[in-house]
Amino acid sequence: MEAIDSRFSLRALGQNLSAGLRLATGMRVARNDFIISFDQGLLLMLLMIGLEVLIDTLGTQLPASYSGYGLNYLAAVYLFDLMLILLLARLAGADVRQTGGLVIANLAFSPVYLLVSHLLSLRIADSGLNLAGIWLLWLLPVLWQLLILVRLLQLFIDLAKRRAVSLAVLNIVLGITSLWLLPHTQLWYSDEPESADNPYARLYELSVEDLFYEQPQIMQSSLANIAPQRPGVTDLYLLAMGGYGLEKVFLNEVEYVRQLFDARFDTRERSLILVNNVDSVHRHPLANRHNLRDALASLGSRMDTEEDVLFLFMTSHGSKSHRFSLNFGPVRLDDLTPQQVRQALDDAAIRWRVILVSSCYSGGFIEPLKNPNTLIMTAAAPDRTSFGCGTESEFTDFGTAYFKHGLVESANFIHAFDLAETWISDKEKREKRKPSLPQRFVGEAIGEKLALWQPGTPPREPRQAELCAQHPDQPSCLKQDLY
């Protein structure tokens, strides 16, 4: 086997990949089956990054926009993994030849691991599994990688099984920390404009330093106008968040929704906008994780959290990894995860929550956010894109369906979603698009509360509906406009 000259890179690459496949499937493999050289390590790493890009590209529904930061993220991940393998070899007492064998064999196994892991992730997205099932499918590739590392340590360094297992576990644990050390950046964002022309060139003329120094003052000014709760009245508070700053459609939506809710749901002086757009940088605070946390904390301090309801509206692009895009051109912002939204709501002690997420793949927000006191509505299923974004759009399709159709016909948030879902389905059929499949989750407690609530009315216990059904002539039941 060693007779193959590593200068014939493609032939040697084929032999390494063949040995990696046998390693991955539990077949017999010897250390001499691998061609160990610098050029093979480089080729295998480039192959892995290329496979990552190919899988992500094929799995993205057009139109989509490429993000160079995503490629930087992939390079950082593979560099981090390489450092972990080198650390593993050092701790195992490997010499240079043994270290090279560990690196090459691990890279040769990686294409099979990547493809199988991707298939499992698709299975998770399509399965509708509960949380225990999702964790089980997530653990399978982790355990598989652990077994491979143990086998490689025994194959190349002749380590005792117990020591090999302990070092492999350490490697896996350190590898998982990369999820926190390296903020994930998507390579593609669906439904973003493909054109390189930027209609908001003024964004790149902004002073980033001035912009961030202005944020505390803008936030303080916005929050100063928020009125406190009214004793004995179930107040609705609105927080509308537009995340993607290179398209005005999201600014249009949050400002329209604020006007609609102020007029129809009595949220005047109880509504707040966070948005990334060059036209609103001096009018509204930026949409980022810190401002979201501070805004929710401030709203929570003004609300009667046991009585009042928060409507959180989030509109932007979204990724297959269920991240909500926060993008403001030269201002580097981290995308938002559903777990971060949940934590901010919990920290603010806001009990009653109505959450609407309008973005591609937004169905992935439901599982992390749901509880009995929460209504969650999303523009798409966890594995589907939504439509209507772009530099030429005034409103997204789901925003139009829910706010301009559903809520026009019904003041009931849940019924409005059902109307919007029908409107979206009909439109996508006419346009022969792949269905976006909007999703909703209605917590038992929030369903009862919303059934008995109207803007500006005193709260009523859920049992009141049953009493009124039995005794409609009671004074407390007269003129109730229940929906």
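Residues numbered from 1 in each chain as written. Predicted model: local features only at pLDDT ≥ 70, side-chain atom pairs only at ≥ 80, totals over all residues. Heavy atoms only, no water.

1. Observations concerning the overall build of the protein
- A count of helices and strands for the protein gives 16 helices and eight strands.
- Relative to its full complement of 483 residues, the protein shows a buried share of 51%.
- Within the protein, contacts between residues at least 6 apart in sequence are counted, and of these 74% link residues at least 24 apart. (Helix = DSSP H or I, 4+ residues; strand = E, 2+ residues; numbered from the N terminus. Buried < 20%, exposed > 50% of the residue type's maximum accessible area, 1.4 Å probe, protein only. Contact = heavy atoms within 4.5 Å.)

2. With respect to the packing of helix 3 (residues 68-91) against helix 6 (residues 161-176)
- Between helix 3 and helix 6, the shortest axis-to-axis distance is 10 Å and the interhelical angle comes to 155 degrees. As far as their axial angle goes, helix 6 and helix 3 are roughly antiparallel. Helix 6 is crossed by helix 3, and the crossing has right-handed handedness. Where helix 3 approaches helix 6, its residues Phe-80, Leu-84, Ile-85, Leu-87, Leu-88 and Leu-91 are matched on the opposing element by Arg-163, Leu-167, Ala-168, Leu-170, Asn-171, Leu-174 and Gly-175. (Axes fitted to C-alpha atoms, helices over the stretch in contact; angles between N-to-C directions. Parallel < 35°, antiparallel > 145°, perpendicular 65-115°, else oblique. Left-handed = near helix turned anticlockwise from the far one by under 90°.)

3. Re the sheet that holds strand 8 (residues 439-442)
- With mixed pairing, six strands are arranged side by side in an open sheet as 4-3-5-6-7-8. Each edge of the open sheet carries a strand with a single partner, namely strand 4 (271-275) and strand 8. For this sheet, the mean inter-axis angle between neighbouring strands, taken without regard to orientation, is 10 degrees.
- One ladder, built from five bridges, connects strand 3 (residues 236-242) with strand 4; its direction is parallel. Looking at the pairing, Leu-238 lines up with Ser-271 of strand 4.
- Contacts from helix 11 (residues 338-347) reach strand 5 (309-315) and strand 6 (352-358), with the element oriented near 155 degrees to strand 6.
- Those strands touched by helix 15 (residues 444-451) are strand 5, strand 6, strand 7 (374-378) and strand 8, and its axis lies near 100 degrees from that of strand 6. (Pairing = 2+ DSSP bridges.)

4. Some remarks on the packing of aromatic side chains
- In this structure the tally under the stated criterion is 17 aromatic pairs.
- Pairing Tyr-256 with Phe-395 gives two aromatic rings, centres 5.2 Å apart and planes at 85 degrees, and the pair type is edge-to-face. With Tyr-256 in helix 9 (residues 249-264) and Phe-395 in the loop between strand 7 and helix 13 (397-409), this residue pair connects regions lying 139 residues apart in the sequence.
- Assessed through its relative accessible area of 11%, Phe-395 is described here as buried.
- An angle of 65 degrees between the planes, with centres 6.3 Å apart, marks the rings of Phe-261 and Phe-403 as edge-to-face. A residue pair is termed long-range when its members are at least 10 positions apart, and Phe-261 in helix 9 and Phe-403 in helix 13 qualify at 142 residues. Judged on exposure class, the residue Phe-261 and its partner Phe-403 are both buried.
- In this structure an aromatic cluster arises from ring pairing among Phe-261, Phe-265, Phe-311, Phe-313, Phe-398, Tyr-402, Phe-403, Phe-413, Phe-417 and Trp-453.
- Lying across the ring of Tyr-256, Lys-404 places its NZ or CZ 5.1 Å from the centre.
- Of note, Lys-404 hangs over the ring of Phe-395, and the distance from its end group to the ring centre comes to 4.1 Å. (Phe/Tyr/Trp six-rings, centres within 6.5 Å; stacked < 30°, edge-to-face > 60°. Lys NZ or Arg CZ within 6 Å of the ring centre and 35° of its normal.)

5. Examining empty space enclosed by the protein
- Tallied over the full model, the rule gives two cavities of 30 Å³ or more.
- Reported here for the second largest cavity is a volume of approximately 40 Å³.
- Lining the second largest cavity, in full, are Leu-84, Leu-87, Leu-88, Leu-91, Leu-167, Leu-170, Asn-171 and Leu-174.
- At the level of secondary structure, the elements contributing two or more residues to the lining of the second largest cavity comprise helix 3 and helix 6.
- Of the residues assigned to the lining of the second largest cavity, the class counts are seven nonpolar, one polar and no charged. (1 Å grid on protein atoms, 1.4 Å probe; cavity = no way out; pocket = protein on both sides within 12 Å on 5 of 7 lines; lining within 4 Å. Points joined across faces, edges and corners; volume = space filled by probe spheres on them. Nonpolar A, V, L, I, M, F, W, Y, C, P; charged D, E, K, R; others polar.)

6. Quick word on the packing of helix 10 (residues 289-302) against helix 11
- At their nearest, the axes of helix 10 and helix 11 sit 8 Å apart, and the two run at 25 degrees to each other. Judged by the inter-axis angle, helix 10 sits roughly parallel to helix 11. In terms of crossing hand, the pair formed by helix 10 and helix 11 is right-handed. Side by side, helix 10 and helix 11 meet where Arg-289, Leu-292, Arg-293 and Leu-296 of the first sit next to Gln-340, Val-341, Ala-344 and Leu-345 of the second.
- Split into classes, the residues belonging to the contact of helix 10 with helix 11 amount to five nonpolar, one polar and two charged.

7. Notes on the confidence of the model for the protein
- Looking at the protein, the pLDDT average stands at 84 and 84% of residues meet or exceed 70.
- Note that residues 192-197 has pLDDT below 50 and, in this model, twelve contacts with residues that lie over four places away or in other chains.
- Contacts of residues 457-467 to residues separated by more than four positions or lying in other chains number 18 contacts, the stretch itself having pLDDT below 50. (pLDDT = per-residue confidence, 0-100.)

8. Focus: the pattern of salt bridges
- In the structure shown here, the tally under the stated rule is 17 salt bridges.
- We note a salt bridge from Asp-33 to Arg-22, for which the minimum N-O separation is 3.1 Å. One end of the pair, Asp-33, is in the loop between helix 1 (9-24) and helix 2 (38-58); the other, Arg-22, is in helix 1, with eleven residues separating them in the sequence.
- Judged by its relative accessible area of 12%, Asp-33 is buried.
- Among the charged side chains, a network of salt bridges with common partners joins Arg-230, Asp-235, Asp-266 and Arg-270. (Salt bridge = Lys/Arg side-chain N within 4 Å of Asp/Glu carboxyl O.)

9. As for a nonpolar patch on the surface
- There is a patch of nonpolar side chains on the surface, built from Trp-138, Leu-139, Leu-143, Leu-179 and Trp-180 and spanning about 550 Å² of accessible area.
- Mapped onto the nonpolar patch, the elements with two or more residues apiece are helix 5 (131-157) and helix 7 (178-181).
- Per element, the largest residue contribution to the nonpolar patch is three residues, and it comes from helix 5. (Patch = residues over 30% accessible without salt bridge, like charges linked within 9 Å, V, L, I, M, F, W, Y side chains within 5 Å. Areas by Shrake-Rupley, 256 points an atom, 1.4 Å probe, with all protein chains shown as cover.)

10. Details of the environment of Lys-161
- Along the polypeptide, Lys-161 turns up in helix 6.
- Here Lys-161 falls in the exposed class, since its relative accessible area comes to 58%.
- Lys-161 sits eleven residues away from Val-150 along the chain, and the two C-alpha atoms are 7.4 Å apart.

11. Structural notes on the side chain of Thr-267
- Mapping Thr-267 onto the fold places it in the loop between helix 9 and strand 4.
- Side-chain polar atoms of Thr-267 contact the backbone oxygen of Phe-261, separated by 3.1 Å.
- Dropping the residues within four chain positions of it, Thr-267 is found in contact with Leu-236, Leu-238, Arg-258, Phe-261 and Asp-262. (Polar contact = N/O pair within 3.5 Å; in protein donor to acceptor, adjacent residues only side chain to side chain.)

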